Amino acid sequence: MPAPSSSASPASLPAQAGPAPATASAPLPAEGRGRGLGPVALVISAGISVQFGAALAVMIMPRAGAAGVVTLRLAAAAVVLLLLCRPKVRGYSRSDWGTVLAFGVAMAGMNGLFYQSIDRIPLGPAVTLEVLGPLALSVLVSRRLVNFLWAGLALGGVVLLSGHGGGGLGFGSLDPLGAAFALGAGAMWAAYIVFSARTGRRFPQADGLALAMAVAAVLSLPLGIAGAGTDLLVPSTLALGLGVAVLSSVLPYTLEMLALRRMPAPTFAILMSLEPAIAATAGFLVLNQAMSAVDALAIALVIAASMGAVRSQIRKQPA
């Protein structure tokens, strides 16, 4: 049976119950620390996977174009997830299917806009602009002052990174259309966070993710065929596309859905501010995009905000 529906927003839902937090005179039990840090590790692992997958995607765009890479990524990910999960299609309400459909639309939009962006501007700036969507979500839906403070600190790091003109990460000479695509991807990323959380509550395991990925693949298929045509069927391109699918879709989306079952959406959204740091690292290691001292300082501010969000998440756990 599917999980019961809930009318509450992801931000208002408590984290999964765990051991009571320690008092001032006693250390936090090891089990409590693990329960609090587990979802955080899932989010960070997902971020590493998706950004290195994006770097790989940049390398194969000359073969299939941005739309073709998106189609390969989503279609391969959908096939893998459907085979692994074998989701049931009976017993769900119209509202459940509406949630999956919205999740799939958000996923297709997020991927399509982001890959159009990194086809025009470097990976670091693209992700830095994109992360403004989750940051805005964390401020809009949060009911705790501390989340506003951490979001503000993370936004300061993003602004510092975006205002710097060196190291291949500045926005001074960016293609305006590429920047607009990145901002649009950020808006869809915020929607992805909301509907990923809702889907995770309504469907068991990763069944909802598999179904939503199939929706996203179907939506992207016409654009991919129109943009790349038979280039999508070249064996080497298909193999690389499968690698992008695993790194950028199958693994990170599964990890993120698991994390969102145990973590409030605002905290998850602030942790997404780690993405520019991970993207800058992937760009440096894979695409030879350099980082300067100013870039490193901006990244440090973003990481500090994420660490603060982690501490807030652990302390908020109910008894």
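Residues numbered from 1 in each chain as written. Predicted model: local features only at pLDDT ≥ 70, side-chain atom pairs only at ≥ 80, totals over all residues. Heavy atoms only, no water.

Engineer: Let's hear about the overall build of the protein chain: which residues, and what values?
Structural biologist: Secondary structure assignment for the protein chain yields 11 helices and 0 strands. Its helices and strands in sequence order give the protein chain the pattern α-α-α-α-α-α-α-α-α-α-α, from N to C terminus. Each of the 319 residues in the protein chain was classed as buried or not, and the buried ones make up 50%. Considering only intrachain contacts with a sequence separation of at least 6, the fraction spanning at least 24 residues in the protein chain is 88%. For the protein chain, the accessible area works out to roughly 13,400 Å², and carbon and sulfur atoms hold 69% of it. (Helix = DSSP H or I, 4+ residues; strand = E, 2+ residues; numbered from the N terminus. Buried < 20%, exposed > 50% of the residue type's maximum accessible area, 1.4 Å probe, protein only. Contact = heavy atoms within 4.5 Å. Areas by Shrake-Rupley, 256 points an atom, 1.4 Å probe, with all protein chains shown as cover.)

Engineer: Tell me about the side chain of T71, and name the residues and values.
Structural biologist: Tracing the chain through its elements places T71 in helix α1 (residues 30-85). Other than its neighbours up to four places away in sequence, T71 contacts A76, S220, L221, G224 and L232.

Engineer: Can you break down the pattern of salt bridges residue by residue, with the values?
Structural biologist: Enumeration over the complete set of coordinates arrives at 1 salt bridge. The salt bridge partner of D96 is R202, with a shortest N-O separation of 2.7 Å. With a gap of 106 residues between them, D96 in helix α2 (residues 94-118) and R202 in helix α6 (residues 176-202) connect regions that are remote in the sequence. In this structure, D96 and R202 share a single accessibility class: buried. (Salt bridge = Lys/Arg side-chain N within 4 Å of Asp/Glu carboxyl O.)

Engineer: Go over empty space enclosed by the protein, please, and point to the residues and values.
Structural biologist: Per the stated rule, a full pass over the model turns up 2 cavities of 30 Å³ or more. Lining the largest cavity are 13 residues, and of these V50, R73, M110, E130 and Y253 lie nearest its centre. Looking at the lining of the largest cavity, the elements that each hand over two or more residues are α1, α2, α6 and α8 (235-260). With 4 residues, α1 is the single largest residue contributor to the lining of the largest cavity. Considered class by class, the residues forming the lining of the largest cavity number 7 nonpolar, 2 polar and 4 charged. (1 Å grid on protein atoms, 1.4 Å probe; cavity = no way out; pocket = protein on both sides within 12 Å on 5 of 7 lines; lining within 4 Å. Points joined across faces, edges and corners; volume = space filled by probe spheres on them. Nonpolar A, V, L, I, M, F, W, Y, C, P; charged D, E, K, R; others polar.)

Engineer: I'd like a rundown of the packing of α2 against helix α7 (residues 207-228), residues and numbers included.
Structural biologist: In contact at an axis separation of 8 Å, α2 and α7 are set at 50 degrees when each is read in the N-to-C sense. One element, α2, and the other, α7, form an angle in the oblique class. Crossing handedness for the pair α2 and α7: right-handed. Here W97, V100, L101, F103, G104, V105, M107 and A108 of α2 lie close against α7, whose contacting residues are G208, L209, L211, A212, M213, V215, A216 and L219. Each residue belonging to the contact of α2 with α7 can be placed in one class, and the counts come to 14 nonpolar, 2 polar and no charged. (Axes fitted to C-alpha atoms, helices over the stretch in contact; angles between N-to-C directions. Parallel < 35°, antiparallel > 145°, perpendicular 65-115°, else oblique. Left-handed = near helix turned anticlockwise from the far one by under 90°.)

Engineer: Any details on the packing of aromatic side chains? Residues and values, ideally.
Structural biologist: Within this structure, the stated rule accounts for 5 aromatic pairs. For the ring pair W97 and F203, a centre distance of 6.2 Å and an interplane angle of 70 degrees mean the geometry is edge-to-face. With W97 in helix α2 and F203 in the loop between α6 and α7, this residue pair connects regions lying 106 residues apart in the sequence. Measuring from ring centre to ring centre gives 5.7 Å for F114 and Y115, while their planes differ by 80 degrees; the resulting arrangement is edge-to-face. Here F114 matches Y115 in class, with each residue buried. Among the aromatic side chains, those forming a connected cluster through ring pairs are Y92, W97 and F203. The ring of F195 carries the charged tip of R198 above its face, separated from the ring centre by 5.4 Å. (Phe/Tyr/Trp six-rings, centres within 6.5 Å; stacked < 30°, edge-to-face > 60°. Lys NZ or Arg CZ within 6 Å of the ring centre and 35° of its normal.)

Engineer: Describe the environment of Y92, with residues and values.
Structural biologist: Along the chain, Y92 turns up in the loop between α1 and α2. In the structure, Y92 is positioned 111 residues away from F203 in sequence and 8.7 Å away in space, judged by C-alpha atoms.

Engineer: Just give me the short version of unusual backbone geometry, but keep the residues and values in it.
Structural biologist: Of note in this structure, R86 is not a glycine but carries a positive phi near 45 degrees. Relative to the helices and strands, R86 is located in the loop between α1 and α2. The class for R86 is exposed, based on a relative accessible area of 68%.

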